[in-house]
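Structure assessment
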Amino acid sequence: MADFFILEFMSSVNKNLSHIEGGEIPSATGYKFGIVYSEWNNEITNALKEGALNTLLASGAKNENIIIKTVPGSFELTLGAQYLAENTDVDAVICLGCVIQGETRHFDFICDAVAKGITDLNIKYKLPFIFGVLTPNNQQQAIDRAGGKHGNKGDEAAVTAIKMLSLRDSFKK
Ligand code: DLZ
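Report follows, based on the coordinates. Predicted model only: the values in this text are computed from it and were never measured.

What counts and what doesn't
Residues numbered from 1 in each chain as written. Predicted model: local features only at pLDDT ≥ 70, side-chain atom pairs only at ≥ 80, totals over all residues. Heavy atoms only, no water. Phe/Tyr/Trp six-rings, centres within 6.5 Å; stacked < 30°, edge-to-face > 60°. Buried < 20%, exposed > 50% of the residue type's maximum accessible area, 1.4 Å probe, protein only. Near = heavy atom within 4 Å. Polar contact = N/O pair within 3.5 Å; in protein donor to acceptor, adjacent residues only side chain to side chain. Areas by Shrake-Rupley, 256 points an atom, 1.4 Å probe, with all protein chains shown as cover. Nonpolar A, V, L, I, M, F, W, Y, C, P; charged D, E, K, R; others polar. Helix = DSSP H or I, 4+ residues; strand = E, 2+ residues; numbered from the N terminus. Expected span 1.5 Å × (residues − 1). Pairing = 2+ DSSP bridges. Axes fitted to C-alpha atoms, helices over the stretch in contact; angles between N-to-C directions. Contact = heavy atoms within 4.5 Å.

Some points on the packing of aromatic side chains
Scanning the model with the defined rule gives two aromatic pairs in all. Ring plane angle 90 degrees and centroid distance 6.3 Å describe the contact between tyrosine 31 and phenylalanine 33, whose orientation is recorded as edge-to-face. For tyrosine 31, a relative accessible area of 11% gives the class buried. Judged by relative accessible area, which is 0%, phenylalanine 33 ranks as buried. Judged by centre distance (6.0 Å) and plane angle (55 degrees), the ring pair of tyrosine 125 and phenylalanine 129 falls under tilted.

Following this line, the structure appears as structure tokens:
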């Protein structure tokens, strides 16, 4: 029977996106993870990465089983994640970025491309590629979701990866 870890997330008492329904998180022991995050909006994405990393470690993953890479911007997350899948033996890849709404349609093109790109990777490689990309209207909304009053989307992305691997393994038993 799988070990379960109850995580105490760092976020505040306000509506907290990191409170995952169910509360119980399967063990991440024995799994290998990739984390790829964008350099754009680095203050935010670094916080997302830290949240994801801390959650994986707190759930039993080993440091040596977590490979972390950066890409220039969120648009590059898809290919960065593909490189991880093709060149390592990771079980899942957590993709973290932050695209802040601007005055032009650039936002839409990047968000649409990375959402489609990551979806396609899930299907092509039959591995969990997790969409941990914030798409806020402004910097404050991003801060609120990167360890602020709405929790840390990086935590959620890590929990999603672990849960998908647990789901995968449930079919092997
Ligand atoms: C160009 C651009 C802009 C305007 N905004 C963002 C952003 O808010 N978040 C982000 O992750 N990346 C942004 N980029 C960079 C693109 O993702 C990409 O790196 C470039 O278009 C080069 O392909």
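Now that the structure has been shown, the text picks up again.
Observations concerning the site of the ligand
Around the ligand sit Ser38, Trp40, Asn41, Gly73, Ser74, Phe75, Glu76, Cys98, Val99, Ile100, His106 and Ile110, and those are all the residues in its vicinity. Cysteine 98 places a main-chain nitrogen or oxygen 2.8 Å from a nitrogen atom of the ligand. In the environment of the ligand, an oxygen atom lies 3.2 Å from a nitrogen or oxygen atom belonging to the backbone of isoleucine 100. Coverage of the ligand by the protein amounts to 72% of the 490 Å² it exposes when considered alone. Tallied by class, residues from the shell around the ligand come to six nonpolar, five polar and one charged.

Let's talk about helix α1 (residues 42-58)
If you check α1, its first and last C-alpha atoms are 24 Å apart, about what 17 residues at 1.5 Å a residue would give, namely 24 Å. For α1, every residue scored as buried is listed here: Ile44, Thr45, Leu48, Lys49, Gly51, Ala52, Leu53, Thr55 and Leu56. Glycine 60 lies just past α1 and shows a positive phi near 110 degrees.

Examining unusual backbone geometry
Most peptide bonds take the trans form, and the phi angle of most residues other than glycine is negative. The phi dihedral of asparagine 41 is positive, around 55 degrees, even though this residue is not glycine. As for its position among the elements, asparagine 41 is in the loop between β3 (33-38) and α1. Look at asparagine 41 and you get partly exposed, because its relative accessible area is 22%. One non-glycine residue, lysine 126, lies in positive phi territory at about 55 degrees. Positionally, lysine 126 belongs in the loop between α3 (106-125) and β6 (129-134). Given a relative accessible area of 69%, lysine 126 falls into the exposed group.

Details of the sheet that holds β6
The strands making up a sheet are joined through hydrogen bonds of the backbone, oriented either antiparallel or parallel. If you trace the four strands from one edge of the open sheet to the other, you get β4-β3-β5-β6, paired in parallel fashion. The strands lining the two open edges of the sheet, one partner per strand, are β4 (66-71) and β6. Pairwise comparison of adjacent strand axes, ignoring direction, gives a mean angle of 15 degrees for this sheet. Relative to β6, strand β5 (residues 92-98) runs parallel, the two sharing six bridges. Bridge assignment links leucine 96 to a residue of β6, and that residue is glycine 132. Helix-sheet contacts for helix α2 (residues 77-87) involve β3, β4, β5 and β6, and the interaxial angle to β3 is about 155 degrees. Lying over the sheet, helix α5 (residues 153-170) contacts β3, β5 and β6, oriented at roughly 160 degrees with respect to β5.

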